[in-house]
Amino acid sequence: MSTDAQRNQQAGGPDGAAQEWQRWHEERVLAVAAPYGPLSLTGTHWLSDYPDGRIPAVPGQWREDGDEVVLTATAEDGIVVDGKPLTGEVRLGADSGPVDDSRVVRGDRRLVVLRREGLWAVRDFDPASPSRHAFSTIDATPYDPDWALPGTFRPYPEAQAVRVPNADGVERGLGLGGEIVFTVDGEEHTLRAAVEPDGSLWAVFADATSGNGSYRFRFLRPGAPAADGGVTVDFNRALLPPCAFADHFICPFPPPGNTLTVPVPAGERNRLDA
């Protein structure tokens, strides 16, 4: 039995699963609205666009140096690194932890170092962002047990990589480890999925509601498959991607084959502002 199926069973059947989904939904709204949640991202600045190292509205001077970024600052820049004011130079790698644990701080802002396919960027997270203060909630369909579907994960003999457009208009690689197979109204469907380090799955998908009642694409994160490949495909937990909350994320679009022909009227649908 998959992790998701076990969770629903332990929750006490459909009613318990609905209550657990409601808690999950409320926690998602709180996480999105948190001071350093996705709504607080005000910019993703690629260093290759700023050869002089000066990023508008971002203090300090930032330059690439091989496998590191070199940040130079004066006292007037007001930058703090590892809890200490920076005057001079520091070498930085990519941040991998939570945003609020980033090494570089400027007041309430967090400056997060990012690397994608060999390119370096600085992300600026600001709790005072207009998007965060305009946000009301996430529009999501109430739990429907009919959209918690049994499925099977079929791993590829070898991991694959495809090039897909990203939300910023740039094409990047997307790693895929296999296919999730499931049935809707007697018709078989598949989603190509990545395998996360903990064994859980991640699929980027669109469906017949995308751009017409729901965001243009969504994420699905099933738990790790069972030994026989069994996995619960719970579309009640379909997620809005980070770029639904801030334009500065570089979310991948669905890979070929991941646009479902059926409508999926379940899960998160859209961001709602006040």
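Residues numbered from 1 in each chain as written. Predicted model: local features only at pLDDT ≥ 70, side-chain atom pairs only at ≥ 80, totals over all residues. Heavy atoms only, no water.

K.L.:
Lay out the sheet that holds strand β9 (residues 119-125) with the relevant residues and their values.
P.N.:
Remark on secondary structure: sheet strands pair via backbone hydrogen bonds, oriented parallel or antiparallel. Read across the sheet, six strands follow the order β1-β9-β8-β7-β4-β5 without closing on themselves; strand pairing throughout is antiparallel. Across the chains shown, the open sheet's two edge strands, defined by having one partner strand only, are β1 (41-46) and β5 (84-85). Here β1 pairs with β9 via five bridges, running antiparallel. Residue pairing for β9: T44 is matched across the bridge by R123. (Pairing = 2+ DSSP bridges. Helix = DSSP H or I, 4+ residues; strand = E, 2+ residues; numbered from the N terminus.)

K.L.:
Which residues make up the confidence of the model for the protein, and what values do they have?
P.N.:
Any region with low pLDDT has predicted coordinates that should not be read closely. On average, residues of the protein carry a pLDDT of 94, and 95% of them reach 70 or more. This model gives residues 1-12 a pLDDT under 50, and the stretch forms 22 contacts once residues within four places in sequence are excluded. (pLDDT = per-residue confidence, 0-100. Contact = heavy atoms within 4.5 Å.)

K.L.:
An account of the pattern of salt bridges is needed here, citing residue identities and associated values.
P.N.:
Where charged atoms from two side chains of opposite charge come close, those side chains can pair. Scanning the entire structure with this criterion turns up 14 salt bridges. In this structure, R91 and D65 form a salt bridge, with 2.4 Å as the shortest nitrogen-oxygen distance. Note that R91 is positioned in strand β6 (residues 88-92) and D65 in strand β2 (residues 61-65), a separation of 26 residues in sequence. By relative accessible area, which is 36% here, R91 ends up partly exposed. With a relative accessible area of 34%, D65 lands in the partly exposed category. By sharing partners, the salt bridges in this structure join E20, D234 and R237 into a single network. (Salt bridge = Lys/Arg side-chain N within 4 Å of Asp/Glu carboxyl O. Buried < 20%, exposed > 50% of the residue type's maximum accessible area, 1.4 Å probe, protein only.)

K.L.:
Outline the pairing of strand β16 (residues 230-234), supporting the account with residue identities and numerical values.
P.N.:
For β16, a buried count of five out of five residues is recorded, marking the element as mostly surrounded by other parts of the structure. Pairing of strand β11 (residues 148-165) with β16 involves five bridges; the strand directions are antiparallel. When the bridges of β16 are listed, L149 appears paired with V233.

K.L.:
Give a description of the side chain of S40 that names residues and reports values.
P.N.:
Position of S40 relative to the elements: it lies in the loop between α2 (13-33) and β1. Polar side-chain contacts of S40 include one of 3.3 Å to the backbone oxygen of P35. Sequence-distant contacts of S40, that is, excluding residues within four places in its chain, are made with P35, D124, F125, D126, P127 and S129. (Polar contact = N/O pair within 3.5 Å; in protein donor to acceptor, adjacent residues only side chain to side chain.)

K.L.:
Which residues make up the sheet that holds β2, and what values do they have?
P.N.:
An order of β2-β3-β6 is seen for the three strands of this open sheet, with the pairing classed as antiparallel. Each having just a single partner strand, β2 and β6 make up the two edges of the open sheet. Ignoring which end each strand starts from, the neighbouring axes of this sheet average 25° apart. (Axes fitted to C-alpha atoms, helices over the stretch in contact; angles between N-to-C directions.)

K.L.:
Lay out the packing of aromatic side chains in plain terms, naming residues and giving numbers.
P.N.:
Enumeration according to the criterion identifies nine aromatic pairs in this entry. Between W21 and W24 the ring centres are 6.2 Å apart and the planes differ by 45°, which places this aromatic pair in the tilted class. Here W21 pairs with W24, and both are found in helix α2, just three residues apart, close to one helical turn. What makes W21 buried here is its relative accessible area of 4%. Classification of W24 by relative accessible area gives buried; the value is 14%. Judged by centre distance (5.6 Å) and plane angle (65°), the ring pair of F182 and F235 falls under edge-to-face. One end of the pair, F182, is in strand β12 (residues 171-184); the other, F235, is in the loop between β16 and β17 (268-273), with 53 residues separating them in the sequence. Taken individually, F182 and F235 each receive the classification buried, so the pair is uniform in this respect. (Phe/Tyr/Trp six-rings, centres within 6.5 Å; stacked < 30°, edge-to-face > 60°.)

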